[in-house]
Amino acid sequence: MNEPVVLSSTYVNRQDAPRGEGLYARLGTETWLPFEETLGTLEGARHPALLFGSGMAAAGAVLDLVTPGGLLVVPRHAYHAVLLAARRVGERSDVRVVSVDITDTGAVVTALEESGPVPVPTPSGPIPALVWLESPTNPTLELADIAALSEAAHARGALVAVDNTFATPLAQRPFALGADIIVHSATKYLAGHSDVVLGAVLAEDAEIHRAVRERRDIGGAIAGPWEAWLAQRGLRTLALRVERSQLNALVLAQRLQDHPGVAEIRHPGLRSHPQHDLAAAQMSGFGSIITLRPHGGQAAADALTAAVRLWVPATSLGGVESSLERRRRFATEAPTIPEDLLRLSVGIEDVEDLWDDLKTALEFVV
Ligand SMILES: *Cc1c(COP(=O)(O)O)cnc(C)c1O
């Protein structure tokens with residue numbers, strides 16, 4: 001029933017090792033394979049996923065593929081460390097980094113058109129132009145029209161990478177929508193128990209897949225065998241966890257939108273979300289993240305975070321337990337994100353317990 005955890009940095013020489021496993025553990029170990037193959041199947045990919053030591057290691061490997069002199073288009077709002085990594089790429093190379101509002105398909109197309117000629121790909125940089133999308137975005141829950149943007153990007157010689165962490169492959173299949181690369185922070189829903197940090201990259205094109213793998217081989221940002229095993233165990237309950245947390249999130253979002261203590265609530269499943277129709281068309285679930293701005297500003301947001309008893313005041317998301325966080329407590333978060341915005345990661349607890357706790361805390365605070 002369970003794959004063994006192989007703890008070995010090196011292997012006795014053998015000829016029949018699949019994909020380089022069974023040589024040296026930085027280049028691959030059989031303990032990664034069940035997770036890589038399962039995630040590849042879930043995303044409907046041609047090739048297995050490539051497991052990395054963190055979501056940022058996975059993102060970094062993809063950002064590193066842009067050709068010198070090439071173009072990198074990034075969302076104005078996205079996971080803060082990814083945006084920082086993209087900015088660093090621009091600072092230390094002649095890659096042009098352009099920040100866009102990904103909810104505005106026309107603006108992304110304009111950015112591609114105005115960027116000038118793209119260079120010829122090289123083995124060290126096989127992607128002359130890359131549009132990085134995150135949908136829904138962390139933490140603003142903005143959506144990119146992945147199909148329209150993929151078509152527009154391809155027409156201009158650009159590839160599209162989608163950070164699919166928030167949706168998971170159960171709610172969104174970027175390859176079916178035309179994307180070329182998928183990135184995951186497996187730390188979140190895929191592993192699902194707040195006990196490992198891991199990432200993954202999927203690429204449809206064999207050459208890009210090979211180049212990502214080379215980044216992992218050379219960069220060495222690999223996963224340990226225990227972490228890979230835990231992530232695979234997490235995947236077994238992904239469907240149950242996502243089903244429950246999405247249901248919980250929708251119920252809570254609907255109740256919160258009628259609560260007098262709440263100034264603004266955002267969830268792709270609410271009709272009030274400006275891109276609800278796109279979410280309904282492009283996704284098969286609305287995810288399990290809600291953002292909430294209480295009346296009373298930052299002080300109320302902090303007080304609410306301190307007042308909850310079942311919800312965990314903590315960073316990160318996608319675990320079985322519900323947590324919440326005021327994102328602007330991090331200096332690296334985009335200044336356009338409101339100071340009082342709380343990101344709620346809804347877990348799999350009893351929804352009435354979650355609601356009681358939030359309602360009590362809101363009454364106490366606002
Ligand atoms: C957490 C997160 C990342 C970074 O992943 P780590 O596993 O923390 O390195 C990237 N993208 C999104 C959307 C995330 O939520």
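Calculation criteria
- Residues numbered from 1 in each chain as written.
- Predicted model: local features only at pLDDT ≥ 70, side-chain atom pairs only at ≥ 80, totals over all residues.
- Heavy atoms only, no water.
- Near = heavy atom within 4 Å.
- Polar contact = N/O pair within 3.5 Å; in protein donor to acceptor, adjacent residues only side chain to side chain.
- Areas by Shrake-Rupley, 256 points an atom, 1.4 Å probe, with all protein chains shown as cover.
- Nonpolar A, V, L, I, M, F, W, Y, C, P; charged D, E, K, R; others polar.
- Salt bridge = Lys/Arg side-chain N within 4 Å of Asp/Glu carboxyl O.
- Helix = DSSP H or I, 4+ residues; strand = E, 2+ residues; numbered from the N terminus.
- Contact = heavy atoms within 4.5 Å.
- Axes fitted to C-alpha atoms, helices over the stretch in contact; angles between N-to-C directions.
- Parallel < 35°, antiparallel > 145°, perpendicular 65-115°, else oblique.
- Left-handed = near helix turned anticlockwise from the far one by under 90°.
- Core = buried A, V, L, I, M, F, W, Y, C linked by side-chain atoms within 4.5 Å.
- Buried < 20%, exposed > 50% of the residue type's maximum accessible area, 1.4 Å probe, protein only.

J.: Please give an account of the site of the ligand that cites residues and values.
T.: As a matter of local geometry, the ligand sits amid 14 residues, with Met56, Asp163, Ser185, Thr187 and Lys188 nearest to it. Within the side chain of Asn138, an N or O atom sits 3.1 Å from an oxygen atom of the ligand. Against a free-state accessible area of 380 Å², the protein chains account for coverage of 92% of the ligand. Across the shell around the ligand, the residue classes tally to five nonpolar, six polar and three charged.

J.: Please give an account of the pattern of salt bridges that cites residues and values.
T.: This structure, assessed with the given rule, holds 19 salt bridges. Notably, a salt bridge pairs Arg156 with Glu113, separated by 2.7 Å at the nearest N-O pair. Residue Arg156 is located in the loop between α5 (146-155) and β5 (159-163), and its partner Glu113 is located in helix α4 (residues 105-113); the two are separated by 43 residues in the primary sequence. For the salt bridge of Arg210 with Glu207, the shortest nitrogen-to-oxygen distance reads 2.9 Å. Separated by three residues within a single helix, Arg210 and Glu207 lie in helix α7 (residues 206-219), roughly one turn from each other.

J.: Give me the lowdown on the side chain of Ser345, citing residues and values where you can.
T.: Relative to the elements of secondary structure, Ser345 occurs in strand β12 (residues 342-345). Looking at Ser345, its side chain comes within polar contact range of the main-chain nitrogen of Gly318, at 3.0 Å. Sequence-distant contacts of Ser345, defined by excluding residues within four places in its chain, comprise Tyr189, Ser288, Ile289, Trp311, Leu317, Gly318, Glu321, Ser322 and Ser323.

J.: So what's going on with the packing of helix α9 (residues 238-257) against helix α12 (residues 351-365)? Residues and values would help.
T.: Packing of α9 against α12 leaves a shortest axis separation of 10 Å and a crossing angle of 30°. Classified by the angle their axes make, α9 and α12 are roughly parallel. Considering the relative orientation of α9 and α12, their crossing is right-handed. Together, Asn248, Val251, Leu252, Arg255 and Leu256 of α9 and Val351, Glu352, Leu354, Trp355, Leu358 and Leu362 of α12 make up the contact between the two elements.

J.: Tell me about the nonpolar core, and name the residues and values.
T.: Core analysis: the biggest nonpolar cluster contains 29 residues, and Phe52, Val62, Leu72, Leu130, Trp132, Ile181 and Val212 have the highest contact counts within it. For this core, the secondary-structure elements that each account for two or more residues are β1 (50-52), α2 (55-63), β2 (66-75), α3 (80-92), β4 (127-134), β6 (181-185), β7 (199-203) and α7. Ignoring sequence-local partners within four residues, the contact set of Phe52 consists of Ala57, Ala58, Ala61, Leu198, Gly199, Ala200, Val201, Val212, Arg216, Ala221, Ile222 and Ala223. Formed by 26 residues, the second largest nonpolar core is a distinct cluster that contains Leu190, Ala191, Val196 and Val242.

J.: Give me the lowdown on helix α8 (residues 225-235), citing residues and values where you can.
T.: Along α8, the residues that are buried comprise Pro225, Ala228, Ala231, Gln232, Gly234 and Leu235. Next to the buried residues of α8 lie α1 (33-42), β1 and α9.

J.: Break down the side chain of Arg327 for me, citing the residues and quoting the values.
T.: Looking at the secondary structure, you find Arg327 in the loop between β11 (323-326) and β12. Side chain to side chain, Arg327 and Glu325 meet in a polar contact 2.8 Å long. Once you skip the residues sitting within four places of it in the chain, Arg327 turns out to touch His80, Pro139, Thr315, Glu333, Leu341 and Arg343.

Purely geometric stuff here, so don't read any function into it on its own.
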